[in-house]
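# Observations on the three-dimensional arrangement
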There are 2 protein chains.
Amino acid sequence: MTDVKSIEKILEEKRPLIDKIIEKYIPRRFSQDAFEFSCGKPRYKNLGSIYTYVFSKPVWELLDRGGKRWRPVLFLLLAEALGADTKKAQDFVMIPEIVHDGSLIIDDLEDSSLVRRGKPCLHHLFGIDVAVNAGNAMYYMPALVLLKNTAGLDEPRKIKAYEVFMQEMINIHFGQGADIFWHHGWQDEITEEEYLQMCAFKTGTLARMSAKLAAIIAGADDKTIEACGLFAESIGVAFQIQDDILNLVGDPGKFTKDIGEDITEGKRSMMVIHCLKNAPQHDASRLRYILSLKTHDRELIDEAVQILQRSKSVDYAKKRAREILLQAWTVAEPHLKEGAAKEKVRAFAEFLVEREF
Amino acid sequence: MTDVKSIEKILEEKRPLIDKIIEKYIPRRFSQDAFEFSCGKPRYKNLGSIYTYVFSKPVWELLDRGGKRWRPVLFLLLAEALGADTKKAQDFVMIPEIVHDGSLIIDDLEDSSLVRRGKPCLHHLFGIDVAVNAGNAMYYMPALVLLKNTAGLDEPRKIKAYEVFMQEMINIHFGQGADIFWHHGWQDEITEEEYLQMCAFKTGTLARMSAKLAAIIAGADDKTIEACGLFAESIGVAFQIQDDILNLVGDPGKFTKDIGEDITEGKRSMMVIHCLKNAPQHDASRLRYILSLKTHDRELIDEAVQILQRSKSVDYAKKRAREILLQAWTVAEPHLKEGAAKEKVRAFAEFLVEREF
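Scope of this entry: the structure provided in the associated data block. (Residues numbered from 1 in each chain as written. Chains lettered and ligands numbered in written order. Predicted model: local features only at pLDDT ≥ 70, side-chain atom pairs only at ≥ 80, totals over all residues. Heavy atoms only, no water.)

Within chain A one finds 19 helices and two strands. For a compact globule of 357 residues, the expected C-alpha radius of gyration is about 21 Å, and chain A comes in at 21 Å, within 12% of that figure. By its C-alpha atoms, chain A is 65 × 50 × 35 Å across when sized along the principal axes. Within chain A, the proportion of its 357 residues that are buried is 63%. Relative to all contacts within chain A whose residues are 6 or more apart in sequence, the contacts with residues 24 or more apart total 75%. Roughly 13900 Å² of accessible area belongs to chain A as shown, and the carbon and sulfur atoms make up 50% of that amount. Each charge sign in chain A was given a centre, from 49 positive and 54 negative side chains, and these centres are 4 Å apart. (Helix = DSSP H or I, 4+ residues; strand = E, 2+ residues; numbered from the N terminus. Rg over C-alpha atoms; globule rule 2.2 N^0.38 Å. Buried < 20%, exposed > 50% of the residue type's maximum accessible area, 1.4 Å probe, protein only. Contact = heavy atoms within 4.5 Å. Areas by Shrake-Rupley, 256 points an atom, 1.4 Å probe, with all protein chains shown as cover. Lys, Arg positive; Asp, Glu negative; His and termini not counted. Charge placed at Lys NZ, Arg CZ, Asp CG, Glu CD.)

The following block contains the structure:
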């Protein structure tokens, strides 16, 4: 059984370090030094302070609102369990966190969302131009961690790190592309395998990227790199399934997002896919109808949730999330050093799937 | 004197090859093979055909509308003048072209533009979500050319190529950030040096990236890589200045953009910066006033152009563009092999600054 309290404590303890590292790359005030650190020596003029307004403010507005920082923590725990020098590796926490936050800015614009972490989405607060440019910059600025080579990688491992970063950044856009395609209703029925692949790209990619980077820094062989990548990808997928579950049946006092929002959005989650395939005809039709309404009506949302419960789709999703995680753990586990760090990784993965917030 | 006709002929001749190479990476129809080529073997499911709708269609809609493809051609000419195996290097043309086209999609959204290359901007045609995701994917998909290593680079050159790509992709967002900042009127007066730095990042970066890549492929030393990068960056800057000039005093029958659009937008071009600094008080005030109106009134736009002509700001900008280019050519020229290719590079650079369309 996961000791939730101890995991929460780890998240809380690591947060100041993570934010301090991010500040090294995206300071709260952009100076001329920060400009040169990011861009090299300018040919004509150092434009330093401009970026306080167009980068620092949007980035820190979002980061200061909250977020679990679980991707950086997973990276640190895995790096430790793989025997990496975590002090030398630590700047890499910037990569999954900043790309993730950048993707929230972009997703919110793409989904026409209004609220993020309890406040207006960044494109409403800063304008579309500043928000999109900041979000996009956040897809590339993490590459600075690689370019500065604070982990002291040798040439072959440097190449691997660059390649993992770029390949996963490609894949993440394929994940988002599939999500958008389905969101538009351009495909009638989505299979569970298709949904899982989208999650693997959209939510799994960043975890996978950082796990692979941790393994590369630790000097692991290709098999270990792959196994860790698969494990972390599975954590991402299982995390997403749990997010979908909490979105429907979570405790409104604990879960930070709006309960039932996914019904309003008409999202084809694993539960919906399972229900449409397995529920009696009239339940499936009714669910399909409610999802098509994009409704905010509480009674209709509750009815949809009841249908999903009745078809045991929520239980099924929970079971699948656990299976996916367990299977991946079986592959990754032999590659991790025995000890406290390994135990923390296992507990942390379990926490992400069993969490209630 | 540049032989404009011969340069136009080169652009025309190379176009089919360039488009064929791009199709290799972003096919007009996405198959399962194309999916695996881009993302590797999927864990759950190959989502191939989805990407015909969310990537291929927007990308080719924009490419088929036109564009000069001058960045790929500059790359090919430079690679040849540096003694690279152009056949092996040719896939790299995809990089500056696709990143450039991606940036047009994103810029149009950020600027709330309506028309691009004579037709509705992509976010109006495909929706913000598809357009933004395609545009962003176009910032990363070109990395596939590097990952596939079709140029057969060895490890040290591979590292250099990855680093040039990532650093310039960071810089381009700094360029766009400055442009946005000034667009909002968040800075009272902009100096010429500041404007040039923004151009160096926003327009110069892609030319610089591809010139450096050409030099890396050719096995050039660091000094040559830098000199070629500087030269190409200067071409980009001079190209931008000429674009600004044509926007004001171009021949409407030849120039493909709306004449006077920059006055409507209130753009602080090099000419405006020069005029505000050097024109008599009443002219400068009047220009500042017209620029603040965001006007479509033909008479007011013409008046602004007359003020800019009177202060000799148009002549000045033309002179500066030529100086910047000549200075950079002096640095790069000794690094290029004597012969027809070198002469073409020189003529091509001149063409980009002297062109009337």
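With that out of the way, let us pick up the relation of the copies chain B and chain A. Overlay of chain B on chain A (RMSD 0.0 Å): rotation 180°, translation along the axis 0.0 Å. Seen this way, the second copy is the image of the first under a two-fold rotation axis. In terms of C-alpha distance to the rotation axis, chain B has B:Ile159 as its closest residue, with the C-alpha 3.1 Å off the axis. Mapped onto chain A, 100% of the interface residues of chain B are again interface residues, and the two copies thus contact each other with one and the same surface. (Least-squares fit on C-alpha atoms with pLDDT ≥ 70 in both.)

All names here are of chain B. Between the first and last C-alpha of helix α8 (residues 128–140) there are 19 Å, a value that for 13 residues agrees with the 18 Å anticipated at 1.5 Å per step. Burial analysis of α8 places 12 of its 13 residues in the buried class, which makes it a mostly covered element. For α8, the complete set of buried residues consists of Asp129, Val130, Ala131, Val132, Asn133, Ala134, Gly135, Asn136, Ala137, Met138, Tyr139 and Tyr140. (Expected span 1.5 Å × (residues − 1).)

Residues and elements named next belong to chain B. According to the stated counting rule, one finds 72 salt bridges over all chains in the structure shown. The salt bridge partner of Asp243 is Arg355, with a shortest N-O separation of 3.1 Å. Here Arg355 lies in the segment after α19 (340–354) and Asp243 lies in helix α13 (residues 222–249), a separation of 112 residues in the sequence. Take Asp243: its relative accessible area is 9%, and that puts it in the buried class. For Asp302, the salt bridge goes to Arg298, with nearest N and O atoms at 3.8 Å. In this pair, Asp302 and Arg298 are both assigned in helix α17 (residues 298–310), four residues apart and thus about one turn of the helix distant. The class of Asp302 is partly exposed, set by a relative accessible area of 35%. (Salt bridge = Lys/Arg side-chain N within 4 Å of Asp/Glu carboxyl O.)

Here the focus is the nonpolar core. A:Tyr51, A:Phe165, A:Phe174, B:Tyr51, B:Phe165 and B:Phe174 are the most contacted members of the largest nonpolar core, which has 277 residues in total. The element contributing the most residues to this core is helix α10 (residues 155–183) of chain B, with 14 residues. For A:Phe174, the residues in contact, after removing those within four places along its chain, are A:Phe201, B:Phe30, B:Phe35, B:Ser38, B:Cys39, B:Tyr51, B:Phe55 and B:Met141. (Core = buried A, V, L, I, M, F, W, Y, C linked by side-chain atoms within 4.5 Å.)

As a further point, take the interface of chain B and chain A. Taken together, the contact between chain B and chain A spans 66 residues of the former and 66 residues of the latter. Each partner contributes to the roughly 6200 Å² buried at the junction of chain B and chain A, and carbon and sulfur atoms together form 70% of this total. Ranking the residues of chain B by area buried against chain A places B:Tyr44, B:Tyr140 and B:Phe174 at the top, with a combined share of 14%. Applying the counting rule to chain B against chain A returns four salt bridges. Between A:Arg43 and B:Glu233 there is a salt bridge, and its shortest N-O distance comes to 3.1 Å. At the boundary of chain B and chain A, one finds 25 residue pairs in polar contact (both at pLDDT 80 or more). For the side of chain B that touches chain A, the element with the most residues is α10(B), which contributes 21 residues. Each residue belonging to the side of chain B that touches chain A can be placed in one class, and the counts come to 43 nonpolar, 13 polar and 10 charged. (Buried area = accessible area lost by both parts, 1.4 Å probe. Polar contact = N/O pair within 3.5 Å; in protein donor to acceptor, adjacent residues only side chain to side chain. Nonpolar A, V, L, I, M, F, W, Y, C, P; charged D, E, K, R; others polar.)

Let us look at the packing of aromatic side chains. Applying the stated rule across the entire model yields 34 aromatic pairs over all chains. Between A:Phe181 and B:Tyr53 the ring centres are 5.6 Å apart and the planes differ by 40°, which places this aromatic pair in the tilted class. With A:Phe181 in helix α10 (residues 155–183) and B:Tyr53 in helix α3 (residues 50–64), this residue pair bridges two chains. B:Tyr53 gets classed as partly exposed once you look at its relative accessible area, which sits at 41%. Linked through ring pairs, A:Phe30, A:Phe35, A:Tyr51, A:Phe55, B:Phe174 and B:Phe201 together constitute an aromatic cluster. Cation over ring: A:Arg355 sits above A:Phe239, and NZ or CZ is 3.9 Å from the ring centre. The ring of B:Phe37 is capped by B:Lys148, whose NZ or CZ atom sits 4.1 Å from the centre of that ring. (Phe/Tyr/Trp six-rings, centres within 6.5 Å; stacked < 30°, edge-to-face > 60°. Lys NZ or Arg CZ within 6 Å of the ring centre and 35° of its normal.)

Residues and elements named next belong to chain A. Interhelical geometry of α10 versus helix α11 (residues 192–202) gives an angle of 135° and a closest axis separation of 7 Å. In terms of their interaxial angle, α10 and α11 are classed as oblique. For the pair α10 and α11, the crossing hand works out as left-handed. Of α11, the residues touching α10 (which contributes Asn171, Ile172, Phe174, Gly175, Gln176, Ala178, Asp179 and Trp182) are Glu194, Tyr195, Met198, Phe201 and Lys202. Residues of the contact of α10 with α11, tallied by class, amount to seven nonpolar, three polar and three charged. (Axes fitted to C-alpha atoms, helices over the stretch in contact; angles between N-to-C directions. Parallel < 35°, antiparallel > 145°, perpendicular 65-115°, else oblique. Left-handed = near helix turned anticlockwise from the far one by under 90°.)

Residue and element names in this part refer to chain A. Summarising the element assignment, Gly83 is placed in the loop between α4 (70–81) and α5 (86–89). Overall, Gly83 belongs to the partly exposed group, its relative accessible area being 41%. Once the C-alpha coordinates of Gly83 and Ala215 are considered, the two residues, 132 residues apart in sequence, prove to be 8.8 Å apart. If we ignore the near neighbours within four places in the chain, the residues touching Gly83 are Ala218 and Lys337.

Residue and element names in this part refer to chain B. Assignment of secondary structure puts Leu146 in helix α9 (residues 143–148). For Leu146, a relative accessible area of 3% translates into the label buried. Along the backbone, Leu146 and Phe165 are 19 residues apart, and their C-alpha atoms lie at a distance of 9.0 Å. Once residues within four sequence positions are removed from consideration, Leu146 is found in contact with Phe92, Ile95, Ala161, Tyr162, Phe165 and Leu213.

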